[in-house]
Amino acid sequence: MYCIYLKNKDPYFCLAAEEYLMKKFSNDIFMLWQSHDTVVIGKHQNAMAEINYPFVHKNNIKVARRISGGGTVFHDKGNVNFSFIKNVDSPAEISFKRFVQPIIKALESLNVKAVTSGRNDLLVQGKKISGNAEHIFKNRVLHHGTLLFNSNLELLSQSIKVVPGKYHGKAVQSNPSSVTNIYPFLKNGWTVDDFNLFLFEYQLNKPGSTTYQLSKEDNTAIQELMNEKFSTWDWNFGYSPKYVFQNESKITNKKINVKLGVEKGYIQKAEITGEYFTAVQSSKLNKTLKGIRHFHDSLRNNLIANNLIFTDELIYSFF
């Protein structure tokens, strides 16, 4: 098994690396990686419905879509991500418990007792420390998961805190969970780097494991995949299943009602009513919003083009 300690912390590069290693290699692979502050959604989720968009936008938190299904997770410098890529001979070998067992055993050696939840999560004392998902390509399976070592749990909570009832569609929705970090259960004052090194060496010490460094050609190919897919708006937002967005809010004591029909990330129908805009302005908006991205900058540019006074508060009422 190749063991890869990925030093690049760009989430789009790391997610592209998983797909590249899965499809272009034949070896079994174990990879550890981290990324900057990022909300990572499952392949079949509606990005906007899974994130607190105003908070994420204001705090420059990235949004990324992975190739596996499942729910939304949060990455930051206190979180560690692990990936197993393995060849399998039959579907019977694809088992969540099988792939998390090495992680459970590693934590057990640190006197941290982790258990499976029945929902593709790992729990410590009843709280989630790890979310997991899988993707199959031909005879290869990618199993990857998070490990909340010393994450900013407040940042995590605010980034995925959504108001129910705004988004309606057939996208896969996340199940909220109580979370905790691994760090409080350790007695040695470990850093996240210590934890990373421990996990890497734990896997490396297993028979048949050897280190692998990405070559120049590997890095170039992964960068191309990142640029063409994983860092694009079309993948991270436009890939979302179609949905209807509805919201009612008050801005400077004037009510505004927003209803948007969105497909592939683009607004197909808009119904803006209420007291905030005049009837003429609302009518014009309903026409000009059609065909633009359901995205902060696109809405901002539309309001500018219509010579309308706006604030971020107004734009955020559309999310």
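Every chain is numbered on its own, with residues counted from 1 as its sequence reads. For this predicted model, a pLDDT threshold of at least 70 governs which residues receive local features, and a threshold of 80 or more governs which side-chain atom pairs are given and counted, while totals over whole chains, interfaces and linings are taken from all residues. Side-chain metrics rest on all non-hydrogen atoms present in the structure, leaving aside hydrogens and water.

For the rest of this paragraph, the subject is the overall build of the protein. Only DSSP runs of H or I reaching four residues or more are called helices, and only runs of E reaching two or more are called strands; each is numbered from the N terminus. Each helix and strand in the protein was counted, giving eleven helices and 15 strands. Throughout, radius of gyration means the C-alpha value; the globule benchmark is 2.2 Å times the number of residues raised to the power 0.38. Taken over C-alpha atoms, the radius of gyration comes to 22 Å for the protein, in line with the 20 Å a tight globule of 319 residues would show. With the C-alpha coordinates of the protein rotated into their principal frame, the extents come out at 70 × 40 × 35 Å. For every residue, the accessible area (1.4 Å probe, protein chains only) is compared with the maximum for its type, and the residue is labelled buried under 20%, exposed over 50%, or partly exposed between those bounds. The burial tally for the protein puts 51% of its 319 residues in the buried class. Per-residue and other accessible areas follow the Shrake-Rupley method at a 1.4 Å probe size, with only the shown protein chains counted as cover for residues. Within the structure as shown, the protein displays about 15400 Å² of accessible surface, and the carbon and sulfur contribution to it stands at 49%. The charged-residue count follows a simple rule in which Lys and Arg add positive charge and Asp and Glu add negative charge, with His and chain termini not counted at all. In plain terms, the charge of a residue is placed at NZ if it is Lys, CZ if Arg, CG if Asp and CD if Glu. Between the centroid of the 39 positive side chains of the protein and the centroid of its 28 negative side chains there is a distance of 6 Å.

One finds Ile256, Leu260, Ile272, Phe277, Leu289 and Phe318 to be the most contacted residues of the largest nonpolar core, which totals 39 residues. With four residues, strand 14 (residues 254–263) is the single largest residue contributor to this core. The contact rule is simple, with two residues in contact once any of their heavy atoms fall within 4.5 Å. Once residues within four sequence positions are removed from consideration, leucine 289 is found in contact with Ile267, Ala270, Ile272, Leu299, Asn302 and Phe318. Membership of the second largest hydrophobic core comes to 31 residues, among which are Phe99, Leu107, Val141 and Phe195. In these notes, a set of buried Ala, Val, Leu, Ile, Met, Phe, Trp, Tyr and Cys residues joined through side-chain atoms within 4.5 Å is what counts as a nonpolar core.

What follows covers helix 4 (residues 96–108). Its 13 residues give helix 4 an end-to-end C-alpha distance of 18 Å, which sits within 8% of 18 Å, the value for a rise of 1.5 Å per residue. Residue proline 102 marks the point of greatest curvature in helix 4, where the axis turns by about 30 degrees. Those residues of helix 4 not exposed but buried are Phe96, Phe99, Val100, Pro102, Ile103, Ile104, Ala106 and Leu107. Looking at the buried residues of helix 4, the elements they touch are strand 6 (79–87), strand 7 (115–116), strand 8 (121–124), strand 9 (127–137), strand 10 (140–148) and helix 6 (192–204). Under the convention used throughout, the expected extent of a helix is 1.5 Å for every residue step, that is, one less than its residue count. In this scheme, the bend at a residue equals the angle between the axes fitted to the seven residues that finish there and the seven that begin there.

What follows covers the environment of phenylalanine 230. One can find phenylalanine 230 in helix 7 (residues 216–230). Looking at phenylalanine 230, the relative accessible area reads 1%, which means it is buried. Along the chain, phenylalanine 230 and isoleucine 129 lie 101 residues apart, while their C-alpha atoms are 25 Å from each other.

Moving on, we get to the pattern of salt bridges. Salt bridge, as used here, is a side-chain nitrogen of Lys or Arg placed within 4 Å of a carboxyl oxygen of Asp or Glu. As enumerated under the stated definition, the model contains five salt bridges in all. Salt-bridge contacts for lysine 23 lead to glutamate 19; the nearest nitrogen and oxygen are separated by 3.8 Å. Highlighted residues: lysine 23 and glutamate 19, both in helix 1 (residues 11–24), separated by four residues, approximately one helical turn. Taking the relative accessible area as the measure of exposure, lysine 23 reaches 36% and is therefore partly exposed.

For helices, the fitted axis covers only the stretch in contact; all axes are lines through C-alpha atoms, and the angles between them, taken along N-to-C directions, range from 0 to 180 degrees. Put simply, helix 4 and helix 6 touch, their axes get as near as 11 Å, and they point 120 degrees apart. Considering their axes alone, helix 4 and helix 6 lie oblique with respect to each other. Considering how the two elements wind past one another, helix 4 and helix 6 form a crossing that is right-handed. Of helix 6, the residues touching helix 4 (which contributes Pro102, Lys105, Ala106 and Leu107) are Phe195, Phe198, Leu199, Tyr202 and Gln203. For the contact of helix 4 with helix 6, the class distribution of residues is seven nonpolar, one polar and one charged. Orientation is classified from the angle alone, with under 35 degrees giving roughly parallel, over 145 giving roughly antiparallel, 65 to 115 giving roughly perpendicular, and any other angle giving oblique. Each crossing gets its hand from how the near helix is turned against the far one by less than a right angle, where anticlockwise is left-handed and clockwise is right-handed. In this classification, Asp, Glu, Lys and Arg are treated as charged, Ala, Val, Leu, Ile, Met, Phe, Trp, Tyr, Cys and Pro as nonpolar, and every other residue, Gly included, as polar.

Let us now look at the sheet that holds strand 7. DSSP calls a pair of strands paired once it identifies at least 2 bridges connecting them. With mixed pairing, eight strands are arranged side by side in an open sheet as 7-8-9-10-6-2-1-12. Both edges of this open sheet fall to strand 7 and strand 12 (210–211), since each of them pairs with a single strand only. By the bridge criterion, nine bridges tie strand 6 to strand 10 in an arrangement that is antiparallel. Paired with phenylalanine 82 across the strands is glycine 145, a residue of strand 10. Helix-sheet contacts for helix 1 involve strand 1 (2–5), strand 2 (29–33), strand 6, strand 9 and strand 10, and the interaxial angle to strand 2 is about 175 degrees. Sitting on the sheet, helix 6 is in contact with strand 1, strand 2, strand 6, strand 10 and strand 12, with an inclination near 170 degrees to strand 1.

Working definition: rings of Phe, Tyr and Trp (its six-membered ring) pair if their centres are within 6.5 Å, and the pair is stacked with planes under 30 degrees apart, edge-to-face with planes over 60 apart, and tilted otherwise. What the rule picks out here adds up to 22 aromatic pairs. Considering the side-chain rings of tyrosine 53 and phenylalanine 295, the 6.1 Å spacing of their centres and the 55 degrees angle between planes classify their relative orientation as tilted. With tyrosine 53 in helix 3 (residues 53–58) and phenylalanine 295 in the loop between helix 9 (279–288) and helix 10 (296–305), this residue pair connects regions lying 242 residues apart in the sequence. Cluster of aromatic residues (ring-pair linked, three or more members): Tyr53, Trp233, Phe237, Tyr266, Phe295 and Phe319. For a Lys NZ or an Arg CZ to count as sitting over a ring, it must be within 6 Å of the ring centre and within 35 degrees of the ring normal. The ring of tyrosine 5 carries lysine 7 above its face, with NZ or CZ at 5.2 Å from the centroid.

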